[in-house]
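In case you want the letters, here they are:
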Amino acid sequence: YYFSTAAYQGKDEEHAADILYMNEDKGFPEPNRVYFLDLSPEEALERRNSRGGNKEVFDDEGEQTRIYQNYLAILPDSTIFVDAT
């Protein structure tokens, strides 16, 4: 939740980083290891469309791109990227 909160709530990369700083100030525990299931927003859209169901606010393509870019900006260098395709 440490990075996902910032990625989803941050309106842009800078704001996402600010959220991380606020979390640090509040004593939120930082993870020891981070895995990122790397999937492009376009591929994620295809998967969501193929499964059907109700759309959520974060399913919007612009929102997915914003969230993805936020993640890339705030994840630590030690993050283990896993190709999720």
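Above this text you will find the structure in question.
Please read these numbers as outputs of a predicted model, since none were measured by experiment.

Asker: Kindly report on helix H1 (residues 2-9), identifying the contributing residues and their values.
Answerer: Of the positions making up H1, those classed as buried are Tyr 2, Phe 3, Ala 6 and Ala 7. The arc that holds every buried residue of H1, seen down its axis, measures 115°, which confines them to one face. Elements that come into contact with the buried residues of H1 comprise helix H2 (13-25) and helix H4 (61-74).

Asker: Can you lay out the nonpolar core for me, pointing to particular residues and giving the numbers?
Answerer: If you look at the biggest cluster of nonpolar residues, it comprises 14 residues, and the most contacted ones within it are Phe 3, Ala 6, Leu 20, Tyr 71, Ile 74 and Leu 75. Leaving out residues up to four positions away in the same chain, Ala 6 has contacts with Ala 16, Ile 19, Leu 20, Asn 70 and Ile 74.

Asker: Describe the side chain of Asp 59, listing the residues and the values that go with them.
Answerer: Turning to its location among the elements, Asp 59 is positioned in the loop between helix H3 (41-51) and H4. Given the relative accessible area of 13%, Asp 59 is considered buried. Polar contacts involving the side chain of Asp 59 include one to the main-chain amide nitrogen of Glu 56, which spans 2.8 Å. Ignoring anything within four residues of it in the chain, the contact list for Asp 59 reads Leu 45, Arg 48, Arg 51, Asn 54 and Gln 64.

The rules behind the values
- Residues numbered from 1 in each chain as written.
- Predicted model: local features only at pLDDT ≥ 70, side-chain atom pairs only at ≥ 80, totals over all residues.
- Heavy atoms only, no water.
- Buried < 20%, exposed > 50% of the residue type's maximum accessible area, 1.4 Å probe, protein only.
- Helix = DSSP H or I, 4+ residues; strand = E, 2+ residues; numbered from the N terminus.
- Arc of directions from axis to C-beta.
- Contact = heavy atoms within 4.5 Å.
- Core = buried A, V, L, I, M, F, W, Y, C linked by side-chain atoms within 4.5 Å.
- Polar contact = N/O pair within 3.5 Å; in protein donor to acceptor, adjacent residues only side chain to side chain.

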